[in-house]
Amino acid sequence: MAPRLSPKVHVIGAGLAGLAAAVRLSGAGLPITLYEASPRAGGRCRSYHDPQLDAVIDNGNHLMLSGNHAIMAYLKAIGASDRLAGPSDAAFPFVDVATGARWSLRPGAGVIPWWLLDPARRVPNTSVWQYLSVARVMSAGGSATMTACVGSSGELYRNFWEPLTVAVLNTAPGQASAGLMRPVLRETFLKGAEACRPLVARDSLAATLVDPAVETLTRAGTTIRFGTRIRALTVANQTITALEADEESVPLAAGDVVILAVPPWVAETIVPGLSAPPPGEPIVNVHYRLPRAVVAPGDVRIIGVVGGAAQWVFARGEIASVTISAARDLADTPAEEIIARCWPDVALALELGDMPVPAARVVKERRATFAQTPEAARLRPRCRTAVTNLLLAGDWTDTGLPATIEGAVRSGFTAADETLRTMSAHKAA
Ligand SMILES: Cc1cc2nc3c(=O)[nH]c(=O)nc-3n(C[C@H](O)[C@H](O)[C@H](O)COP(=O)(O)OP(=O)(O)OC[C@H]3O[C@@H](n4cnc5c(N)ncnc54)[C@H](O)[C@@H]3O)c2cc1C
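Calculation rules
Residues numbered from 1 in each chain as written. Predicted model: local features only at pLDDT ≥ 70, side-chain atom pairs only at ≥ 80, totals over all residues. Core = buried A, V, L, I, M, F, W, Y, C linked by C-beta atoms within 7 Å. Buried ≥ 20, exposed ≤ 12 C-beta atoms within 10 Å, placed from the backbone. Helix = DSSP H or I, 4+ residues; strand = E, 2+ residues; numbered from the N terminus. Domains from an automatic or database assignment. Contact = placed C-beta atoms within 7 Å. Pairing = 2+ DSSP bridges. Axes fitted to C-alpha atoms, helices over the stretch in contact; angles between N-to-C directions. Near = placed C-beta within 6 Å. Nonpolar A, V, L, I, M, F, W, Y, C, P; charged D, E, K, R; others polar.

Enquirer: Help me understand the nonpolar core in this model?
Expert: Side chains that are nonpolar tend, in soluble globular proteins, to be buried together. In this structure, Ala21, Ile259, Leu260 and Val313 are the most contacted members of the largest nonpolar core, which totals 123 residues. Here this core gets eight residues from one element, more than from any other, and that element is helix α1 (residues 16-27). When residues of this core are assigned to domains, at least three fall in each of domain 1 (9-45 + 205-279 + 372-428) and domain 2 (92-196). Discounting chain neighbours no more than four positions away, the residues touching Val313 are Ile303, Val305, Ala320, Val322, Asp345, Val346, Ala349 and Leu350.

In structure tokens:
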């Protein structure tokens, strides 16, 4: 009798969700094939060499927080824990374009927020009582928006809630789901300074989050098929029997499991009848190539901007980058105009004086995240599906978290754990 081949895992999509799933499963010694439509991994979290700037740039600045425990576990698994950078303490410096005022939000250590008693650590001109709005977010019902919890005016709204909501949920506070903000507050800000230190990729997203994962998988014997687009699944008796790629059909053996880790608008075309949340607003990034580095090598500066065109400025080496989330208004604005509009904010934030506008690149990610509204959040599917050997992963699946790296990685880990359960149930049957 021919030896029975051990069941295999087919992971479709090499964004962070697919990579996290594959990394966890390769650690368990399972045979895996990873299918990625594009020529490289990373998906919405990627880097590339820009010839005009002659620098490696990220598609977008990605801010993480020290309390993102799934990201930390993922980085450890791929040997890249040392590839994040950020200030040594939890400090969020801001500058107000209208007044030039600067301040720093500096949560203190421990879970009891004693630091709120110190006006120097709070948003200027706010009283400690106004921070009770946090409690309203934490207890809000499933259909509440952020403005229903925190209002839509005042210094705390303008200088804290609005920038935080737009950055985390890529949605204006009037439409953004309070339920999606809740786990972020619980797992980071409400745990104190240790959990809310801002972090970014030290050199590039690829060097921190993607390349080490691909190397780890390759070393473990994972087959990675770049340039392979899966466009359909053949299903019989609620079980996938083949993957349909552009130019071939890949047959599945009994016991094989499929993890579909593609964006929601692709998943809907591959899985008939799947309901997925619709895309939300674009995120626009502008990368300026400065004539000289403004931070020490390996260091990074992150500054929030209020009242300007930019929302966040990141300085790393000779690149200063601007992030603008919930950027529907900029979707059709010419790049040159965006570059000119944001530059004064960058020059102010980084104290560059009257430096002329340097060479710059605008990256518009039109479908950056799903629409993070209460209505859309209800459409997020769970990892398990009615098809016995199909599991879903991705930042848009029902992780309870916003569409972030932490959410994507956690969805991948969940899909990996469910795969192991499915496989042991199959073995026992
Ligand atoms: C500009 C921008 C800024 C962001 N800023 C932040 C931030 O500051 N902090 C943060 O935590 N998060 C941020 N995010 C969100 C974060 O990037 C995403 O949540 C995360 O990358 C999603 O990973 P994913 O694996 O779920 O999906 P994706 O990255 O979309 O991965 C899906 C993969 O599937 C592949 N694929 C698609 N179709 C097929 C197919 N038919 N067959 C095979 N492969 C296929 C794609 O090529 C892709 O590689 C930002 C996103 C953007 C775009």
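Enquirer: Looking at this structure, I do not really get unusual backbone geometry. What am I missing?
Expert: Most peptide bonds adopt trans geometry, and most residues besides glycine take a negative phi value. Phi at Asn125 is positive, roughly 60 degrees, even though this residue is not glycine. Of note, Asn125 is situated in the loop between β8 (102-105) and α3 (133-138). You will see that Ala326, though not glycine, has its phi angle at about 45 degrees, which is positive. Checked against the element boundaries, Ala326 lands in the loop between β18 (319-324) and α9 (335-349). By C-beta crowding, Ala326 is classed as buried, having 25 other C-beta atoms within 10 Å.

Enquirer: Where do I start with the sheet that holds strand β12 (residues 239-245) in this structure?
Expert: Hydrogen bonds along the backbone pair up the strands of a sheet, which may run parallel or antiparallel. Read across the open sheet, the three strands follow the order β11-β12-β13; overall the sheet is antiparallel. The sheet is open, and its two edges are formed by β11 (230-236) and β13 (249-251), each paired on a single side. Between one strand axis and the next, the sheet turns by 30 degrees as a mean value, whatever way the strands run. As defined by bridge partners, β12 adjoins β13 across three bridges and the pair is classed as antiparallel. Paired with Ala242 across the two strands is Pro251, which belongs to β13.

Enquirer: Help me understand the environment of Ile32, please; the structure alone is not making it clear to me.
Expert: When you line up the elements, Ile32 lands in strand β2 (residues 32-36). Along the sequence, Ile32 and Asp256 sit 224 residues apart, while their C-alpha atoms lie 9.8 Å from each other. Not counting residues up to four positions away in its chain, the partners in contact with Ile32 are Lys8, Val9, Val11, Ala22, Leu25, Ser26 and Thr222.

Enquirer: Would you take a moment to explain the domain arrangement of the protein chain for this structure?
Expert: Quoted interface sizes are often the accessible area lost when the parts come together. Domain boundaries in the protein chain define domain 1 (9-45 + 205-279 + 372-428) and domain 2 (92-196). When each unit is reduced to the centre of its C-alpha atoms, the spacing between domain 1 and domain 2 is 34 Å. Domain 1 puts seven residues into the contact, and the matching count from domain 2 is 15 residues.

Enquirer: What should I look at first to understand the sheet that holds strand β15 (residues 283-289) in this one?
Expert: Strand order in the open sheet formed by seven strands is β8-β7-β16-β17-β18-β15-β19, with mixed pairing between adjacent strands. The open sheet terminates on both sides in strands that have one partner only, identified here as β8 and β19 (360-365). Taking the axes of each pair of neighbouring strands and ignoring which way they run, one obtains an average angle of 25 degrees across the sheet. Two strands pair when backbone bridges link them, and strand β17 (residues 312-316) and β18 are joined in this way by five bridges, in the antiparallel orientation. Counted as the bridge partner of Phe314 is Ser321 from β18. Running over the sheet, helix α5 (residues 155-169) touches β7 (92-96), β8, β16 (301-306) and β17 and is turned about 115 degrees from β16.

Enquirer: Would you mind showing me how to read the pairing of β8 here?
Expert: Looking along a regular strand, one sees side chains alternate from face to face of the sheet. Where β7 lies against β8, four bridges are found, and the strand directions are antiparallel. The residue bridging Phe92 from the neighbouring strand is Leu105, located in β8. Adjacent in sequence and paired antiparallel, β7 and β8 are bridged by five residues, among which Gly100 carries a positive phi angle near 80 degrees.

Enquirer: When you look at the site of the ligand in this model, what are you seeing that I'm missing?
Expert: Taken together, 38 residues form the shell around the ligand, and within it Gly13, Gly15, Gly43, Gly60 and Thr404 come nearest. Going through the elements one at a time, α1, β2, β11, β15 and α11 (405-428) are the ones with two or more residues in the shell around the ligand. Class assignment for the residues of the shell around the ligand results in 19 nonpolar, twelve polar and seven charged.

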